[in-house]
Amino acid sequence: MFASAFFIYTMHLSSLKLTSFRNFETLKLTPSAGINVLHGKNGSGKSNLLEAIFVLCLGRSQRSNKDSDIIKHERESYRVEGVIHDDGRSIELAVAVMRRGRKQITINGVKSKASELYEKFSVVAAGPEDSEILAGPPSVRRLFLDLYISQQSIKYLENITKYSRILSQKNAALKENIEFDSFNFLLAETGARIIIARQQFLETLNKSAGSFYSKFSKNGQLDMKYKPSALEEIEIKVDESRIREQFEVKLNQVKEREIILKSSIVGPHRDEIEFNINSFPARTHGSQGEWRSAAIALKLSVYQLLKEKRGFSPILLLDEIFAELDEHRSAAVIDSFNDLGQLFLTTALEPPAQLAEKALNLKIDSGQVEAVR
Ligand SMILES: Nc1ncnc2c1ncn2[C@@H]1O[C@H](COP(=O)(O)OP(=O)(O)O)[C@@H](O)[C@H]1O
Ligand SMILES: [Mg+2]
């Protein structure tokens, strides 16, 4: 390929080193900038390896909120290191966590904040646990929103960080029976920004995820609707001051109940997304296969959205996406793989031949990885 002014440099991971990360004692890997297929038995560490890449890119896991879960049993710390190439530069990254310590992130050897990772890099992960986005508790859907909206707007990341800090202060005030009006004012201000960002994100996603889903499911229908707990649905207008006012009105309405319950009952920390598959609520009427297809449709749409917003292809991590999709659906997914940046894909089954011939094939067995062919 000729380099030209129009060549879009793909961000990619060129080396990875793990120490005491889940089932890996030590692991060194030199991935391809294109497709990487990780093939291995159940329990060999495929999902853990994808998680490590996610942690390196954003400083947190996509599936666990507790860093200490990730540290290898009986070890005191984990460390993920790697080099990411980005627009011609290579950036050395490291994320390390001590069992009884803080997380340390370094970029080119300089101590850095997670927000700096969000600013520089982007990663999208899809896997079996994503069915929970359709069928699990609301907190899973909010984590989905937060992880991916933060990658398109650092302001959003700042707002959710600020919001949760104010929320804990308000909850502390409720527990101690002291005045909390000033916190309500701040919650409405920050919350309104979060609500707008979520609304816009889901509106865009709704269109593209719907079209991916109909491809994966022989014309099935997927749609989603944002249900902000602070507002009546009819009132949603993308106007920050109006949303803030309505949120404040709602906070006043529930004030007495919050005092009795000693907890904060409305706001973005209680938001919901309603997913429908073929016009029925996905959570109660969907099948496993439908949830899996819908989740993959969602994640591939997020990928496209981020690619457009950021101007480069995020690293894409696809965990066992063939396991629960039938042949027709798998073929549709593979079809959508043209025009990708770097991809890591795991499979316990033989990888589809049309993929394996384009890929760096890695065999993974009890915490060890080797290249095959
Ligand atoms: N913190 C940890 N320390 C040691 N082993 C762990 C830790 N967390 C998970 N594991 C082990 O990792 C293995 C599963 O790896 P996983 O990546 O889920 O496998 P795969 O995706 O290939 O099926 C399991 O044997 C599990 O017990
Ligand atoms: Mg797995």
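For clarity, every value in this text was computed on a predicted model and none was experimentally measured. (Residues numbered from 1 in each chain as written. Chains lettered and ligands numbered in written order. Predicted model: local features only at pLDDT ≥ 70, side-chain atom pairs only at ≥ 80, totals over all residues.)

Describing the packing of helix α7 (residues 181–216) against helix α11 (residues 288–310)
Consideration 1: Two numbers describe how α7 lies on α11: the axes approach to 8 Å, and their chain directions differ by 130°. Relative to α11, α7 is oriented oblique. The way α7 lies across α11 gives a crossing that is right-handed. On α11, the residues touching Thr-204, Leu-205, Ser-208, Ala-209, Phe-212, Tyr-213 and Phe-216 of α7 are Ser-293, Ala-294, Ile-296, Ala-297, Leu-298, Leu-300, Ser-301, Val-302, Gln-304 and Leu-305.
Consideration 2: Across the contact of α7 with α11, the residue classes tally to twelve nonpolar, five polar and no charged. (Axes fitted to C-alpha atoms, helices over the stretch in contact; angles between N-to-C directions. Helix = DSSP H or I, 4+ residues; strand = E, 2+ residues; numbered from the N terminus. Parallel < 35°, antiparallel > 145°, perpendicular 65-115°, else oblique. Left-handed = near helix turned anticlockwise from the far one by under 90°. Contact = placed C-beta atoms within 7 Å. Nonpolar A, V, L, I, M, F, W, Y, C, P; charged D, E, K, R; others polar.)

Brief notes about α7
Consideration 1: Compared with an ideal rise of 1.5 Å per residue, which puts 36 residues at 52 Å, α7 spans 49 Å between its outermost C-alpha atoms and is within 8% of the ideal.
Consideration 2: One or two positions beyond α7, positive phi appears at Lys-218, with a value near 50°. (Expected span 1.5 Å × (residues − 1).)

Notes on the domain arrangement of the protein
Consideration 1: Each assigned domain of the protein is listed with its residue range as follows: domain 1 (1–122 + 312–373) and domain 2 (138–282).
Consideration 2: Once you take the C-alpha centre of each, domain 1 and domain 2 turn out to be 30 Å apart.
Consideration 3: On the side of domain 2, nine residues touch domain 1, which itself brings nine residues to the contact.
Consideration 4: For the side of domain 1 that touches domain 2, the secondary-structure elements that each account for two or more residues are α3 (114–120) and α12 (327–335).
Consideration 5: When the residues that make up the side of domain 1 that touches domain 2 are grouped by side-chain class, the tally is three nonpolar, four polar and two charged. (Domains from an automatic or database assignment.)

Description of the environment of Ala-332
Consideration 1: Examined against the element boundaries, Ala-332 turns out to sit in helix α12.
Consideration 2: Of the residues examined, Ala-332 has 20 C-beta atoms within 10 Å and is grouped as buried.
Consideration 3: Setting aside residues no more than four positions away along its own chain, Ala-332 makes contact with Lys-215 and Phe-216. (Buried ≥ 20, exposed ≤ 12 C-beta atoms within 10 Å, placed from the backbone.)

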